[in-house]
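For reference, the chains in residue letters:
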Number of protein chains: 2
Amino acid sequence: MTDERFEKQLNFLTEMDKMKTILRKNIIIDKTKNEDDAEHSWHMALFAVTLFEYADPGVDLLRAVKMALVHDLVETYAGDTFCFDEAANESKELREAQAADRVFGLLPAEQGAEFRRLWEEFDRMDTPDALYAAAMDRLQPFILNYNTDGHTWKLGAVREDQVYRRLEPVRAALPALWGTIDKMVRACIEKGLIRAS
Amino acid sequence: MTDERFEKQLNFLTEMDKMKTILRKNIIIDKTKNEDDAEHSWHMALFAVTLFEYADPGVDLLRAVKMALVHDLVETYAGDTFCFDEAANESKELREAQAADRVFGLLPAEQGAEFRRLWEEFDRMDTPDALYAAAMDRLQPFILNYNTDGHTWKLGAVREDQVYRRLEPVRAALPALWGTIDKMVRACIEKGLIRAS
């Protein structure tokens, strides 16, 4: 029994190695390569741990970190969808739901269901844990863009209103930091890294 | 006050982007590249979450996952030390202690001290949380080696007794799984991926 369970878990952990090959649109700060999903998920989890003092007192950090670790697993089969590509985002939901059947289906049933619920909750952003995790998922690439002359903003000719929409969970989850982050956005608009709307 | 704190935390999170450039000796399972520290740390944290049911009931999963996220941060300044290179491991302690001053010194004092304590506890492996985290740090590269024809074992002409020594925390922290893992080691010795002692 343990053997069969462990075999499934090992198979899942082995398959998920693919996260290291799924490239995002972001480049890392030294500009030598695109960031991959495993790197992004680690960095996002470190953001969550480091900035936890600013979260709503009701946030469960372990659940938020678990979300960070699993929130992109479906991309191993569905690929990365550029957040500023509106057409690609239309087909994203169906592609990712099908990928989720495959990814979470690798695990023992109840564990796969638990991981899938975490991912779905994260995606809906309708609990304090999910909102906090989503804020980290938005803030981390913002910081990469901020430090790489707006790499993906330029790539997508991204407008101010699009950036603010992406950062909405950051404003909601980290109100104490929003003043500082808003100043950073303004500076990027002034430098022409983000198009003024 | 918040501004200065947040600035330090952001600077730390920005500096730690370097984790994505620190290459390990392991290659990823599709054999296209070496694994980096950020990828390894994410994978190790996912191992910790997925295999938690086999841990000692006293283990605090959040602390173990935090250890996974921060256990290699010092390598951003000290570099990766090949675990099977005995000469390099002699100088490792001093190099890493100096790097730790720099890495954890980026954070507000009490937060830097907290992260540093987690890293030191992890390194000592003298608590259930640290032993469990260390087991994940050993099992994850074992699984990569197992799936890449013993890539780093061959690189270091590694002997059976060295592999068993590396896996000792796995045996101690996950007794229910040791039978299966031991069988995997035996199979690798039989295939000549690990040198029989």
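Residues numbered from 1 in each chain as written. Chains lettered and ligands numbered in written order. Predicted model: local features only at pLDDT ≥ 70, side-chain atom pairs only at ≥ 80, totals over all residues. Heavy atoms only, no water.

K.L.:
Please explain the environment of A:S197 as it appears in this structure.
P.N.:
All names here are of chain A. Considering the arrangement of structural elements, one finds S197 in the segment after α11 (175-190). Discounting residues that sit within four places of it in the chain, S197 has contacts with R159, E160 and D161. One polar contact links S197 to D161, side chain to side chain, over a distance of 2.8 Å. (Helix = DSSP H or I, 4+ residues; strand = E, 2+ residues; numbered from the N terminus. Contact = heavy atoms within 4.5 Å. Polar contact = N/O pair within 3.5 Å; in protein donor to acceptor, adjacent residues only side chain to side chain.)

K.L.:
Looking at this structure, I do not really get unusual backbone geometry. What am I missing?
P.N.:
Note: most peptide bonds trans; most residues except glycine with negative phi. The backbone of A:K31 sits at a positive phi, close to 65°, despite the residue not being glycine. If you trace the backbone, A:K31 turns up in the loop between β1 (23-27) and β2 (34-36). Even without being a glycine, B:M125 presents a positive backbone phi close to 55°. Within the secondary structure layout, B:M125 lies in the loop between α6 (109-124) and α7 (128-147). Judged by its relative accessible area of 30%, B:M125 falls in the partly exposed class. (Buried < 20%, exposed > 50% of the residue type's maximum accessible area, 1.4 Å probe, protein only.)

K.L.:
So what exactly am I meant to see when it comes to the interface of chain A and chain B here?
P.N.:
How big an interface is tends to be stated in terms of the accessible area lost upon association of its parts. Contact with chain A, which involves 53 residues of that partner, is made by 53 residues of chain B. Interface of chain A and chain B: buried area, both sides summed, is about 4400 Å²; carbon and sulfur atoms make up 71% of it. A per-residue breakdown of the area chain A buries against chain B is headed by A:L13, A:K20 and A:W42, which together make up 17% of the total. Among the ionic pairs, B:E35 bridges to A:K20, the shortest N-O distance being 2.8 Å. Where chain A meets chain B, there are 24 residue pairs in polar contact (both at pLDDT 80 or more). At the level of secondary structure, the elements contributing two or more residues to the side of chain A that touches chain B comprise α1 (2-15), β2, α2 (37-50), α3 (61-70), α6 (109-124), α7 (128-146) and α11 of chain A. The residue makeup of the side of chain A that touches chain B, split by class, is 30 nonpolar, eleven polar and twelve charged. (Buried area = accessible area lost by both parts, 1.4 Å probe. Salt bridge = Lys/Arg side-chain N within 4 Å of Asp/Glu carboxyl O. Nonpolar A, V, L, I, M, F, W, Y, C, P; charged D, E, K, R; others polar.)

K.L.:
Sorry if this is basic, but what is going on with the relation of the copies chain A and chain B here?
P.N.:
Mapping one chain copy onto the other needs a rotation about an axis and a shift along that axis. Placing chain A over chain B gives an RMSD of 0.0 Å and needs a rotation angle of 180°, together with 0.0 Å of translation along the axis. Here the two chains are linked by the operation of a two-fold rotation axis. A shared interface surface links the copies, since 100% of the contact residues of chain A are contact residues in chain B too. (Least-squares fit on C-alpha atoms with pLDDT ≥ 70 in both.)

K.L.:
Whenever I open this one, the packing of α2(A) against helix α3 (residues 61-70) of chain B confuses me. Can you help?
P.N.:
For any two helices packed against each other, the geometry is given by the interaxial angle and the distance between the axes. Two elements in contact, α2(A) and α3(B), have axes separated by 10 Å at closest approach and are oriented at 120°. When the interaxial angle is binned, α2(A) and α3(B) end up oblique. With respect to the hand of their crossing, α2(A) and α3(B) are arranged in left-handed fashion. Two secondary-structure elements touch here, α2(A) through A:W42, A:A45, A:L46 and A:V49 and α3(B) through B:K66, B:L69 and B:V70. Class assignment of the residues belonging to the contact of α2(A) with α3(B) gives a composition of six nonpolar, no polar and one charged. (Axes fitted to C-alpha atoms, helices over the stretch in contact; angles between N-to-C directions. Parallel < 35°, antiparallel > 145°, perpendicular 65-115°, else oblique. Left-handed = near helix turned anticlockwise from the far one by under 90°.)

K.L.:
Mind showing me how you'd approach the packing of aromatic side chains here?
P.N.:
Centre-to-centre distance and the angle between the planes together describe a pair of aromatic rings. Under the defined criterion, the tally for this structure stands at 16 aromatic pairs over all chains. Residues A:F12 and A:F115 carry aromatic rings whose centres are separated by 5.9 Å and whose planes lie at 70° to one another, so their mutual orientation is edge-to-face. In this pair, A:F12 sits in helix α1 while A:F115 sits in helix α6, placing the two residues 103 residues apart along the sequence. Classification of A:F12 by relative accessible area gives buried; the value is 0%. Overall, A:F115 belongs to the buried group, its relative accessible area being 1%. Ring geometry for B:F142 versus B:W153: centroids 5.5 Å apart, planes at 50°, classification tilted. Within this pair, whereas B:F142 is found in helix α7, its partner B:W153 is found in helix α8 (residues 151-155), the two being separated by eleven residues in sequence. Its relative accessible area of 3% is what places B:F142 among the buried residues. The buried category is assigned to B:W153, whose relative accessible area is 3%. Each residue in the set A:F142, A:Y146 and A:W153 is aromatic and connected to the rest through ring pairs, giving one cluster. Over the ring of A:Y77 we find A:R102, and its NZ or CZ is 3.7 Å from the ring centre. The ring of B:Y146 has B:K191 lying over it, and the distance from NZ or CZ to the ring centre is 5.9 Å. (Phe/Tyr/Trp six-rings, centres within 6.5 Å; stacked < 30°, edge-to-face > 60°. Lys NZ or Arg CZ within 6 Å of the ring centre and 35° of its normal.)

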